[in-house]
Amino acid sequence: MDKYKKGRNEEEPWEKHLIPISNLPEDFLWMHVNPGTKMRNVLDYAIAEMKTRRVVVWSGSGAAVGKVISCVEIIKRHHTFHQVNRICFRKVKEYWDPLIEDLDPLVVTRDLPTIHILLSKDPVDTSQPGYQGPLADLNQKRDTPRHQNKPQRRRIDGDKFESFGLRSNRTKTQKRKDREPERKERGPRRDQDVEKRDKRVENKLNEPESRNNHKKETNTLTAGPSDVG
């Protein structure tokens, strides 16, 4: 493709009769989402329109599929909907112009993944594929504590880990409790620790005096006969 340059693109047009969802009403809100569409703008418009409308269809292809799903999940927080999801493809023709006169122009046809999501306030046919019922128990799920939804973790004894030379998740307080019987067998050591601490304090206090006395002795030893007396 080094000898070609990309020309125009021709995408399959958006038409209502091409939406692969059956039993669509005549008057429904159709929201097209492009890769460069700002979600805030389309959501504000859709939320305002759904105050008077009953059905909305969200459509997008290619890189806009993720935005369509995000918009649908956000608008479902404001209303209760019956949902129908459909996935299909759109044809896109790419025209490539040759850079050399002897070459012929090329036409490349690509299939873009496309999604259509129907949101209806009224009940729809539940037998059609892609149907998703309204979240009636949404408030109940929000009220349940989070710790009830979490799976229970299996606890393994820390002694087994330590016996294999692995680190356990036991805290310092737990390890200290495990060592209490050994400390009781050794006997009380608090008095001995207090005596050692007092001795260290006395030695630090006496250090300046001992240094001064040592300096005086060295001065008297190094002084000459004229300095003594």
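See above for the structure.
Keep in mind the model is a prediction, meaning the values are calculated, not measured.

Parameters and conventions
Residues numbered from 1 in each chain as written. Predicted model: local features only at pLDDT ≥ 70, side-chain atom pairs only at ≥ 80, totals over all residues. Heavy atoms only, no water. Buried < 20%, exposed > 50% of the residue type's maximum accessible area, 1.4 Å probe, protein only. Helix = DSSP H or I, 4+ residues; strand = E, 2+ residues; numbered from the N terminus. Pairing = 2+ DSSP bridges. Right-handed = clockwise from strand over helix to strand, strands pointing away. Contact = heavy atoms within 4.5 Å. Salt bridge = Lys/Arg side-chain N within 4 Å of Asp/Glu carboxyl O. Core = buried A, V, L, I, M, F, W, Y, C linked by side-chain atoms within 4.5 Å. Phe/Tyr/Trp six-rings, centres within 6.5 Å; stacked < 30°, edge-to-face > 60°. Lys NZ or Arg CZ within 6 Å of the ring centre and 35° of its normal.

**Notes on the pairing of strand β3 (residues 55-61)**
Consideration 1: β3 sits mainly inside the fold: seven of its seven residues count as buried.
Consideration 2: The alternating pattern of β3 places V55, V57, S59 and S61 and V56, W58 and G60 on opposite faces, both of which are buried.
Consideration 3: Pairing geometry for strand β2 (residues 29-33) and β3, over five bridges, is parallel. From the neighbouring strand, M31 faces β3, where its bridge partner is W58.
Consideration 4: Tracing the backbone out of β2, into helix α1 (residues 39-49) and back to the parallel element β3 gives a crossover that is right-handed.

**A closer look at the environment of D122**
Consideration 1: As for its placement among the helices and strands, D122 is situated in the loop between β5 (106-120) and β6 (131-132).
Consideration 2: On a C-alpha basis, the gap between D122 and V55 in space is 7.9 Å, while along the polypeptide they are 67 residues apart.
Consideration 3: With near-sequence residues (within four places) excluded, D122 lies in contact with R54 and H82.

**Comments concerning the pattern of salt bridges**
Consideration 1: Applying the stated criterion across every chain, the model contains nine salt bridges.
Consideration 2: The residue R53 makes a salt bridge to D27 at a minimum N-O spacing of 3.0 Å. A residue pair is termed long-range when its members are at least 10 positions apart, and R53 in the loop between α1 and β3 and D27 in the loop between β1 (4-11) and β2 qualify at 26 residues.
Consideration 3: Using a relative accessible area of 23% as the deciding quantity, one classes R53 as partly exposed.

**A closer look at the nonpolar core**
Consideration 1: One finds M31, V56, W58, V68, I75 and L119 to be the most contacted residues of the largest nonpolar core, which totals 18 residues.
Consideration 2: Broken down by secondary-structure element, the contributors of at least two residues to this core are β2, α1, β3, α2 (65-75) and β5.
Consideration 3: Element by element, the count of residues in this core is highest for α2, at four residues.
Consideration 4: Leaving out residues up to four positions away in the same chain, L119 has contacts with R54, V55, V56, W58, V72, I75, K76, F81, H82 and Q83.
Consideration 5: With eight residues, the next largest nonpolar core counts I21, V57, V84 and L118 among its residues.

**A look at the packing of aromatic side chains**
Consideration 1: Under the defined criterion, the tally for this structure stands at one aromatic pair.
Consideration 2: Centre to centre, the rings of W14 and W30 are 6.3 Å apart; their planes meet at 80°, and the pair counts as edge-to-face. Pair noted here: W14 is in the loop between β1 and β2 and W30 is in strand β2, with a separation of 16 residues, a long-range link.
Consideration 3: Against the face of Y95 rests R8, its NZ or CZ located 3.9 Å from the ring centre.
Consideration 4: The ring of F28 has K16 sitting right over it, with the charged end atom 4.9 Å from the ring centre.

**Remarks on the pairing of β5**
Consideration 1: In terms of strand pairing, β3 meets β5 through seven bridges, oriented antiparallel. For V57, the partnering residue across the bridge sits in β5 and is L118.
Consideration 2: Across 15 bridges, the pairing between strand β4 (residues 82-98) and β5 is antiparallel. The residue bridging W96 from the neighbouring strand is L106, located in β5.

**Some thoughts on the side chain of S120**
Consideration 1: Here S120 shows up in strand β5.
Consideration 2: Setting aside anything within four residues of it in sequence, one finds S120 in contact with R54, V55, T80, F81 and H82.

**A look at unusual backbone geometry**
Trans is the common state for peptide bonds, and a negative phi is the common state for residues other than glycine.
Consideration 1: Look at N23: it is not a glycine, yet its phi comes out positive at around 60°.
Consideration 2: Checked against the element boundaries, N23 lands in the loop between β1 and β2.
Consideration 3: You can call N23 exposed: its relative accessible area is 70%.

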